[in-house]
Amino acid sequence: MKKFLHEGICPIRDILSRLGDKWSLLVLISLSANGIMRFNDIHKSIGDISQRMLSVTLRSLEADGLVDRKIYPEVPPRVEYCLTKSGEKLMPHLDNLTGWAIENMQDIVKSRKKQENKKSGIAN
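Anyway, here's the lowdown on the structure attached to this text. (Residues numbered from 1 in each chain as written. Predicted model: local features only at pLDDT ≥ 70, side-chain atom pairs only at ≥ 80, totals over all residues. Heavy atoms only, no water.)

### Brief notes about the overall build of the protein chain
- In terms of helices and strands, the protein chain carries five helices and three strands.
- Taken from N to C terminus, the helices and strands of the protein chain fall in the order α-α-β-α-α-β-β-α.
- For the protein chain, whose C-alpha radius of gyration is 19 Å, the value lies well above the compact-globule estimate of 14 Å for 124 residues.
- Across its three principal directions, the C-alpha atoms of the protein chain cover 65 × 35 × 25 Å.
- Put simply, of all contacts in the protein chain between residues at least 6 apart along the chain, 43% involve residues at least 24 apart.
- Of the charged side chains in the protein chain, 20 are positive and 15 negative, and the gap between their average positions amounts to 6 Å. (Helix = DSSP H or I, 4+ residues; strand = E, 2+ residues; numbered from the N terminus. Rg over C-alpha atoms; globule rule 2.2 N^0.38 Å. Contact = heavy atoms within 4.5 Å. Lys, Arg positive; Asp, Glu negative; His and termini not counted. Charge placed at Lys NZ, Arg CZ, Asp CG, Glu CD.)

Structural data, given as structure tokens:
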């Protein structure tokens, strides 16, 4: 039996916890689809993320080496974000995951509804 015990730094837990948060995946997908983007453009492309959460998410992705931030010395300063080479190498895997999610969403919703009905005693 393979075990997945946490001993020290676990790359699986570490990476999945970052990518599995509510916003990181959407930010990466948006940058992949649109290329170089400014902060407000990323914000508009996602819609329901707060500016503060977008800022925190971008900083985290930058710290992980998945997103690059370029600041231009202009007044006002212009800041652009893009995927790094590492971020680009990650995208085919995320594209597969998002494709699977889109493909299977209807079945997942039906299954969830069926489970909710079981819990509440509603017959199918």
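### Comments concerning the packing of aromatic side chains
- On inspection of all chains with the given rule, the structure shows zero aromatic pairs.
- The cationic tip of R78 hangs over the ring face of Y72; the distance from NZ or CZ to the ring centre is 3.7 Å. (Phe/Tyr/Trp six-rings, centres within 6.5 Å; stacked < 30°, edge-to-face > 60°. Lys NZ or Arg CZ within 6 Å of the ring centre and 35° of its normal.)

### Things to note about the environment of M53
- By the element assignment, M53 lies in helix α4 (residues 51-63).
- Between the alpha carbons of M53 and W23 there is a distance of 8.2 Å; along the sequence they are 30 residues apart.

### Describing helix α2 (residues 24-34)
- Of all the positions in α2, only S24, V27, L28, S30 and L31 are classed as buried. For α2, the arc enclosing every buried residue in end-on projection is 160 degrees, short of the 170-degree limit, so these residues lie on one face.
- At the C-terminal side of α2, G35 shows a positive phi close to 80 degrees. (Buried < 20%, exposed > 50% of the residue type's maximum accessible area, 1.4 Å probe, protein only. Arc of directions from axis to C-beta.)

### Focus: the packing of α2 against helix α5 (residues 85-120)
- Where α2 contacts α5, the axes come no closer than 11 Å and their chain directions differ by 110 degrees. One element, α2, and the other, α5, form an angle in the roughly perpendicular class. The handedness of the crossing between α2 and α5 comes out as left-handed. Here α2 contributes L25, L28, I29 and S32 to the contact with α5, which in turn contributes L90, M91, L94 and T98. (Axes fitted to C-alpha atoms, helices over the stretch in contact; angles between N-to-C directions. Parallel < 35°, antiparallel > 145°, perpendicular 65-115°, else oblique. Left-handed = near helix turned anticlockwise from the far one by under 90°.)

### Quick word on the packing of helix α3 (residues 39-46) against α4
- Two elements in contact, α3 and α4, have axes separated by 11 Å at closest approach and are oriented at 110 degrees. Relative to α4, the element α3 is oriented roughly perpendicular. Where α3 crosses over α4, the two elements pack in a sense that is right-handed. Between α3 and α4, the contacting residues are F39, N40, I42 and H43 on the first element and Q51, L54, S55 and L58 on the second.
- Of the residues in the contact of α3 with α4, the class split is four nonpolar, four polar and no charged. (Nonpolar A, V, L, I, M, F, W, Y, C, P; charged D, E, K, R; others polar.)

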